[in-house]
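Structural overview for review
Chain residues, written in single-letter form:
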There are 2 protein chains.
Amino acid sequence: MTNHSHLADRLADRFGSRLITSTAALEHYAQSEGPHEYRPPDLVAQPLTVEEVQCLVVTAAEASYAVVGFGAGTSLEGNAASIRPRTLCVDFSRMDNIKAIRSSDLIATVEPGVTREALNLSLKDTGLFFPVDPGANATIGGMIATRASGTTTVQYGSMSDNVLALKVVMADGRLVSTGTLARKSASGYDLTHLFTGSEGTLGLIVEASLRLHGQPESFVSATWDFETIEGAVETVMSTIQASIPIARMELLDEAAIRACNHQSKLGLVERATLFLEFHGTPNSIAERLELVTAIGMDCGGGQLKTARATEERNLLWRARHHALWAARSMIPGSRAWITDICVPISELGSAINLAKSKITEAGLFAPILGHVGDGNFHVFFILPPGDKESWAKAHLVNEAMISHALSVGGTCTGEHGIGLGKRKALLREHGEESISVMKTIKTALDPRNILNPGKIFV
Amino acid sequence: MTNHSHLADRLADRFGSRLITSTAALEHYAQSEGPHEYRPPDLVAQPLTVEEVQCLVVTAAEASYAVVGFGAGTSLEGNAASIRPRTLCVDFSRMDNIKAIRSSDLIATVEPGVTREALNLSLKDTGLFFPVDPGANATIGGMIATRASGTTTVQYGSMSDNVLALKVVMADGRLVSTGTLARKSASGYDLTHLFTGSEGTLGLIVEASLRLHGQPESFVSATWDFETIEGAVETVMSTIQASIPIARMELLDEAAIRACNHQSKLGLVERATLFLEFHGTPNSIAERLELVTAIGMDCGGGQLKTARATEERNLLWRARHHALWAARSMIPGSRAWITDICVPISELGSAINLAKSKITEAGLFAPILGHVGDGNFHVFFILPPGDKESWAKAHLVNEAMISHALSVGGTCTGEHGIGLGKRKALLREHGEESISVMKTIKTALDPRNILNPGKIFV
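Residues numbered from 1 in each chain as written. Chains lettered and ligands numbered in written order. Predicted model: local features only at pLDDT ≥ 70, side-chain atom pairs only at ≥ 80, totals over all residues.

1. Observations regarding the overall build of chain A
Regarding its fold elements, chain A presents 16 helices and 18 strands. By the compact-globule yardstick of 23 Å for 458 residues, chain A fits well, its C-alpha radius of gyration being 22 Å. By the burial criterion, 57% of the 458 residues in chain A qualify as buried. For chain A, long-range pairs separated by at least 24 residues make up 71% of all intrachain contacts whose partners lie at least 6 apart in sequence. (Helix = DSSP H or I, 4+ residues; strand = E, 2+ residues; numbered from the N terminus. Rg over C-alpha atoms; globule rule 2.2 N^0.38 Å. Buried ≥ 20, exposed ≤ 12 C-beta atoms within 10 Å, placed from the backbone. Contact = placed C-beta atoms within 7 Å.)

2. Quick word on the environment of Asn162 of chain B
Residue and element names in this part refer to chain B. Here Asn162 shows up in helix 7 (residues 159-162). Judged by C-beta crowding, with 22 C-beta atoms within 10 Å, Asn162 ranks as buried. Not counting chain neighbours up to four residues away, the residues in contact with Asn162 comprise Val132, Gly157, Leu210 and Arg211.

3. Things to note about the sheet that holds strand 16 (residues 335-342) of chain A
All names here are of chain A. In space, the seven strands of this open sheet follow the order 15-12-14-13-17-18-16, with antiparallel pairing throughout. Since the sheet does not close on itself, it has two edges, and those belong to strand 15 (301-307) and strand 16, each with one partner. Across the sheet, the axes of successive neighbouring strands diverge by a mean angle of 20 degrees, strand direction being ignored. Two elements, strand 13 (residues 248-252) and strand 14 (residues 273-280), share five bridges in a ladder whose sense is antiparallel. Following the sheet pairing, Leu252 is matched in strand 14 by Thr273. (Pairing = 2+ DSSP bridges. Axes fitted to C-alpha atoms, helices over the stretch in contact; angles between N-to-C directions.)

4. Let's talk about helix 11 (residues 282-297) of chain B
The first and last C-alpha atoms of helix 11 of chain B sit 22 Å apart over 16 residues, in line with the 22 Å expected at 1.5 Å per residue. Among the residues making up helix 11 of chain B, those that are buried are Ser284, Ile285, Glu287, Arg288, Val292 and Gly296 of chain B. Taken down its axis, helix 11 of chain B places every buried residue within 165 degrees of arc, on the same side. More than 90 degrees from the buried face of helix 11 of chain B, the exposed residues found are Pro282, Glu290 and Ala294 of chain B. Buried residues along helix 11 of chain B sit against helix 11 (282-297) of chain A together with strand 12 (218-226), helix 9 (229-241), strand 14 (273-280) and strand 15 (301-307) of chain B. (Expected span 1.5 Å × (residues − 1). Arc of directions from axis to C-beta.)

5. Details of the sheet that holds strand 18 (residues 376-383) of chain B
Residues and elements named next belong to chain B. Strand order in this open sheet of seven strands is 15-12-14-13-17-18-16, and the pairing throughout is antiparallel. Because the sheet does not close on itself, it has two edges, and the strands there are strand 15 and strand 16 (335-342). Averaged over all adjacent pairs, the angle separating strand axes in this sheet is 20 degrees, with direction ignored. Looking at chain direction, strand 12 and strand 14 are connected through eight bridges and run antiparallel. Each residue of the ladder has a partner; that of Ser221, found in strand 14, is Glu277. Against the sheet, helix 10 (residues 254-264) touches strand 13 (248-252), strand 14 and strand 17 (368-371), its axis set at about 95 degrees to strand 13.

6. Thoughts on the pairing of strand 17 of chain B
Residues and elements named next belong to chain B. The alternating pattern of strand 17 places Ile368 and Gly370 and Leu369 and His371 on opposite faces, both of which are buried. Pairing of strand 13 with strand 17 involves two bridges; the strand directions are antiparallel. Residue Leu252 lies in a different strand from strand 17, and its bridge partner there is Leu369. Bridge analysis of strand 17 against strand 18 gives four bridges, and the strand direction is antiparallel. The partner of Ile368 across the bridge, within strand 18, is Val379. Where strand 17 hands over to strand 18, the hairpin turn is made up of four residues, of which Gly375 adopts a positive phi near 80 degrees.

7. Concerning the packing of helix 9 of chain B against helix 11 of chain B
Residue and element names in this part refer to chain B. Remark: helix 9 packs on helix 11, axes separated minimally by 9 Å, with the N-to-C direction vectors making an angle of 140 degrees. Taken together, helix 9 and helix 11 sit at an angle that is classed as oblique. As for how helix 9 packs across helix 11, the hand of that crossing is right-handed. Across from Thr235, Ser238 and Thr239 in helix 9, the residues of helix 11 making contact are Val292, Ile295 and Gly296. Broken down by class, the residue content of the contact of helix 9 with helix 11 amounts to two nonpolar, four polar and no charged. (Parallel < 35°, antiparallel > 145°, perpendicular 65-115°, else oblique. Left-handed = near helix turned anticlockwise from the far one by under 90°. Nonpolar A, V, L, I, M, F, W, Y, C, P; charged D, E, K, R; others polar.)

8. Thoughts on the nonpolar core
When a protein is soluble and globular, its nonpolar side chains tend to lie buried together. Val67, Leu88 and Val90 of chain A together with Val67 and Leu88 of chain B are the most contacted members of the largest nonpolar core, which totals 278 residues. What Leu88 of chain B contacts, discounting residues up to four positions off in sequence, is Leu7, Pro41, Asp42, Leu43, Ala45, Leu56, Ala60, Tyr65, Ala66 and Val67 of chain B. (Core = buried A, V, L, I, M, F, W, Y, C linked by C-beta atoms within 7 Å.)

9. Points about the interface of chain A and chain B
Taken together, the 74 residues of chain A in the interface contact 75 residues of chain B. By residue number, the principal contributor to the side of chain A that touches chain B is helix 16 (residues 423-445) of chain A, which donates twelve residues. Grouping the amino acids of the side of chain A that touches chain B by side-chain chemistry returns 24 nonpolar, 37 polar and 13 charged.

Structure, rendered in structure tokens:
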């Protein structure tokens, strides 16, 4: 008998095979890249309805269990990890219904387990799409919980900008509705934004209404290599400062391009490269391409190669999205630790320079990739699992990057959230007073600290 | 001796002539349009620094005074009204410094008393502007506190979308910083959005960092009359549903046009009219104009008259912004009560129809104007001050509009906030559970209910 038998017994009838207790199956919920060590949850339940989520929270609370929400398992800072004994993991993968598509309002209402790819597939014939693209095929619930963003945020915003309304199960089992289906509202406290990015510590998201956008009349993607990474970054900063609309503006440094070539046979010139995309009418795209080209040519830009056919564009973006696996393929048996900072756009160059020089000093293989149009970039540390010295060096590079970002008015995470990994950085970023306000809210809404305990706060 | 002498004595040395206690001067803070009756505050202080705001809050709390923030006095739902005995009003008009313009980051950092017009004047030569335009020359602090929006929100977003970071004085006098200067962040609870729209009930905003936008290469404004208001609304819905970028999309009904003609001698055809504006390159604007024209001509659009010269455009938008005074000029000695709802875009037609038919039934003069591209519109009830029957009828029209908005998934206020006037509507909109979460947060952060008591919640 394990110590979770009591809770499992209470849930067994209602959840049947949707209650997972076997050690092997529980291990699935403890997999992770990166530096964090998790334990498997004691048990996992896969609810189908809001009422079942309410039942899980209430029953777990009665049995003094912690409750951790779980989507696609793609978070990067241990955000959905089980870390304490007596943890019930609520796996939302079966709550994956698209409840309504109101195409005349540009709104979709979904359950939290719907993935962004599934949502976009179902929108295909509506003329609409959901733009937020963190790379991984994350669930909408997880993306809201971590305030995710990604490649298209430079034009369409992050999850913070694209969630209109939520239903949330609170720590005491109450169901709360936030927001409305209107495009804007000034009615009362903005609970939608409070839950967005709260990483399951204030409530469990059980339904979301999302802003959709019109599929653009045309798309042009492009790759563009630069003599130096500084030139590529300068091009990004000038494009953003000139407010030229651009749908994607991604940087891959030389190491990342090498990895992508290795994996995807792209045949790209192995130099720092921008991956771009423009959405609009053919004329407006042509105008913007001309403006951006003029900026980049002054900064040592090489050949800007456009991709207009859908297949060609998909190939390019698939390569970008598979950069993690490409990078890992360069060191067989390696693990990846992906970190994430975001700085004011004028500080992008200094932040990338600092990261590059620290990586070089440390002698690590660590490609830099980023949603640079937002001032946001990642370092992919590719590390042999057992090599403690390399992991320690990566820690130091990460700390130096965070310190620099904070010193120039930036943030310790643009899109991955705090989870376990950035709890101390959060405190450094916002200060004691601000964190005490966050903790006051947490304590007021979850006085027994049942929801995802140990995350966000040290 | 009045009951405020104790607090006034304690503040007199530090604030000198910036402490207002004369009855005549206090009356200035009790002026309002609309249906709400206020009392003057007991005293008003005009701080110059964050430290002075902290001193005011702490000293007022010790003396058991309520603290109400005040900007330009342009709010419409009694948001900044003093309603209780023992109220200290904190007038931010002297904290009006623009602290920094980081043009290379598209960010301005301002004190709360800076008005939106003053900010834009100081940005004139930077190539940047701050877009949020509620009509009145409100202060930035007030606009944040009420989550304001306005004519350009359809393209540039509301205050919710354009505030990056805040400094806030809490009920216990602590100074809290929220957000960063990065364009996005996933670090911790989103306190910036929590304070935005909290109407001074959770803290006093003492500094804000705002997103700026590039001044477009060119502008075209236009007026466009329609055979029927239904045709104008249909044009709006189709334009938004087609995701055609448009910077302003305002509706003025026939009564509003009549008033504008009366006041501003615009010589417009007295029919329901859209005021439009496009921002972009000349080519992209031409493309969009063509698309929108095609939509509107199918809906009974008359002559679309463009205004390209700056002076001509300014004349047009000045007329729009002066619509309130124009409307009041139609009934000498009248007062105006402006209400505000926002609905999903597909419901705009039904919501405007309902408002129009209720106004006609009631026999009121009440022009309809709105930021219809957002699904948001206002009714300007123009009422003789003493005519209780007309005020009662306006109340009923307002209630019917709110009930309809809520029944179609909309909100009781798109941009004016809750203040005093919409407290019951807030409860109907969000329900007991959601309001209890808001109240829990309020109580946790302001346990003595010092900050703007009696607002937002019944």
